[in-house]
Amino acid sequence: MKKLILLTIMLLTMTMASAKDIKTVVLTTVPQMHCENCEKRIKDNIRFEKGIKKIVTDVEHQTVTITYDADKTTVENIIKGFEKIKYNAREVEEGEVIVTDENEECPNM
């Protein structure tokens, strides 16, 4: 009986220790995303940043939604990752609508 209780306590401790702090952030970029090449460049490079779990790009709404492990990285570090590939990123405010700049040329064409 003591062994069973001890085993249960150990399993609970291991489960609690392995719990991750998964968060999501929505960013927009300058230059804006114009095409599949823009999306591919972002996804192919940002996925290597430490703690990144998932990246969803949306050209129509000009957003990049990133799910990340907050125990391994921060929003500031993710934004620095964008700088490495010549994008300026910033967090989108709740309810903010990003207007597409029709005059901006695609840097990935």
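Refer to the preceding data block for the structure.
Now for a quick tour of the structure. In this text, all values refer to a predicted model and were calculated from it rather than measured experimentally.

Points about the nonpolar core
At step 1: Ranked by size, the top nonpolar core spans 19 residues in total, and within it Leu27, Ile42, Ile46, Ile66, Ile78 and Phe82 carry the most contacts.
At step 2: When residues in this core are grouped by element, the largest group, 4 residues, is from helix α3 (residues 75–84).
At step 3: Residue contacts for Ile42: discarding those within four places in its chain leaves Thr29, Met33, Arg47, Thr57, Val64, Phe82, Ile85 and Tyr87.

Describing the side chain of Thr73
At step 1: By secondary structure assignment, the location of Thr73 is in the loop between β3 (63–69) and α3.
At step 2: With a relative accessible area of 8%, Thr73 lands in the buried category.
At step 3: Not counting chain neighbours up to four residues away, the residues in contact with Thr73 comprise Lys50, Gly51, Tyr68 and Ile78.

Details of the pairing of β3
At step 1: For β3, the buried fraction is high: 6 of the 7 residues fall into the buried class.
At step 2: Strand direction decides the pairing type here: strand β1 (residues 22–30) and β3, joined by 6 bridges, are antiparallel. Across the sheet, residue Val26 finds its bridge partner in β3, namely Thr65.
At step 3: Where strand β2 (residues 52–58) meets β3, 6 bridges bridge the pair, whose relative direction is antiparallel. Bridge assignment links Ile55 to a residue of β3, and that residue is Ile66.

Describing α3
At step 1: Among all positions of α3, only Val75, Ile78, Ile79, Gly81 and Phe82 are buried. Within α3, the buried residues cover an arc of 150 degrees as seen down the axis, which keeps them to one side. Opposite the buried face of α3, at more than 90 degrees from it, the exposed residues are Glu76 and Lys84.
At step 2: Contacts made by the buried residues of α3 are with β1, α2 (36–46), β2, β3 and β4 (88–91).
At step 3: Immediately beyond the C-terminal end of α3, within one or two residues, lies Lys86, with a positive phi of roughly 70 degrees.

Things to note about α2
At step 1: Along α2, the positions that sit buried rather than exposed are Cys38, Glu39, Ile42 and Ile46. Relative to the axis of α2, the buried residues are bounded by an arc of 100 degrees and lie together on one face.
At step 2: Residues of α2 that are buried make contact with β1, β2, β3 and α3.

So, how was this worked out
- Residues numbered from 1 in each chain as written.
- Predicted model: local features only at pLDDT ≥ 70, side-chain atom pairs only at ≥ 80, totals over all residues.
- Heavy atoms only, no water.
- Core = buried A, V, L, I, M, F, W, Y, C linked by side-chain atoms within 4.5 Å.
- Buried < 20%, exposed > 50% of the residue type's maximum accessible area, 1.4 Å probe, protein only.
- Helix = DSSP H or I, 4+ residues; strand = E, 2+ residues; numbered from the N terminus.
- Contact = heavy atoms within 4.5 Å.
- Pairing = 2+ DSSP bridges.
- Arc of directions from axis to C-beta.

So far we have only geometry, and geometry alone does not tell us how the molecule works.
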